[in-house]
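Examining the three-dimensional arrangement
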Amino acid sequence: MMNYLEQFDITEEEISLLKQTLKPDVIENFEVMRNNVIEVLTYLKELGVTNLLNVITYRPDLCFRTIHTLEQDLIKIDKKLLLFIFNNTIDDLTNFNI
């Protein structure tokens, strides 16, 4: 389960920690929506987000959105600010209704 996250430089130890901290229904969604999660994380990585573990831990809901919806939400924010938020204080995304 969730071992596919290793392709995003998330270690086995971090995956184990995720399994302990995330709610069971969220973990199940990571399995059921595996392809979508991979697409979203790949998109974020290509965008320049380096702290994908932060996204998964604190905003797993973003991983379950479609790429189209996520792009529409993120395009509203300056790219440098967006990357700073993703890589540092991801909770600030709520200030932009994301």
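Residues numbered from 1 in each chain as written. Predicted model: local features only at pLDDT ≥ 70, side-chain atom pairs only at ≥ 80, totals over all residues. Heavy atoms only, no water.

All right, on to the overall build of the protein then. Secondary structure summary: the protein contains 6 helices and 0 strands in total. Looking at the protein alone, contacts between residues at least 24 apart form 68% of all its contacts between residues at least 6 apart. Only carbon and sulfur atoms are counted for the fraction: they give 50% of the accessible area of the protein, which is about 5,800 Å². Distance from the positive charge centre (9 side chains) to the negative charge centre (16 side chains) of the protein: 5 Å. (Helix = DSSP H or I, 4+ residues; strand = E, 2+ residues; numbered from the N terminus. Contact = heavy atoms within 4.5 Å. Areas by Shrake-Rupley, 256 points an atom, 1.4 Å probe, with all protein chains shown as cover. Lys, Arg positive; Asp, Glu negative; His and termini not counted. Charge placed at Lys NZ, Arg CZ, Asp CG, Glu CD.)

Okay, the nonpolar core next. Counting 35 residues, the largest nonpolar core has Leu5, Phe30, Leu44, Ile56, Leu74 and Phe86 as the members making the most contacts within it. The biggest single contributor to this core is helix H3 (residues 34-47), with 6 residues. Those residues in contact with Phe30 that lie beyond four places of it in its chain are Met2, Tyr4, Leu22, Val37, Ile56, Pro60, Cys63 and Phe64. (Core = buried A, V, L, I, M, F, W, Y, C linked by side-chain atoms within 4.5 Å. Buried < 20%, exposed > 50% of the residue type's maximum accessible area, 1.4 Å probe, protein only.)

Tallied over the full model, the rule gives 3 salt bridges. Where Asp61 meets Arg65, a salt bridge forms, and the shortest distance between an N and an O atom there is 3.9 Å. Among the charged side chains, a salt-bridge network with shared partners connects Arg59, Asp61, Arg65 and Asp73. (Salt bridge = Lys/Arg side-chain N within 4 Å of Asp/Glu carboxyl O.)

Together, Leu81, Phe84 and Phe96 give the surface a local cluster of nonpolar side chains, amounting to about 270 Å² of exposed area. You can see Leu81 is positioned in helix H6 (residues 79-87). On the basis of relative accessibility, which here comes to 37%, the residue Leu81 falls in the partly exposed class. (Patch = residues over 30% accessible without salt bridge, like charges linked within 9 Å, V, L, I, M, F, W, Y side chains within 5 Å.)

As a further point, take the environment of Thr66. On the secondary structure map, Thr66 appears in the loop between helix H4 (52-58) and helix H5 (67-74). You can call Thr66 partly exposed: its relative accessible area is 40%. Considered as a pair, Thr66 and Ile77 are 11 residues apart in the sequence and their alpha carbons are 18 Å apart. Here the side chain of Thr66 touches Thr69 through a polar contact of 2.7 Å, side chain to side chain. (Polar contact = N/O pair within 3.5 Å; in protein donor to acceptor, adjacent residues only side chain to side chain.)

Positive phi outside glycine occurs at Met2, with the angle close to 60 degrees. Within the secondary structure, Met2 is located in the segment before helix H1 (12-21). Under the relative-accessibility criterion, Met2 is labelled buried at 1%. Although it is not a glycine, Asn97 adopts a positive phi angle of roughly 60 degrees. Tracing the chain through its elements places Asn97 in the segment after H6.

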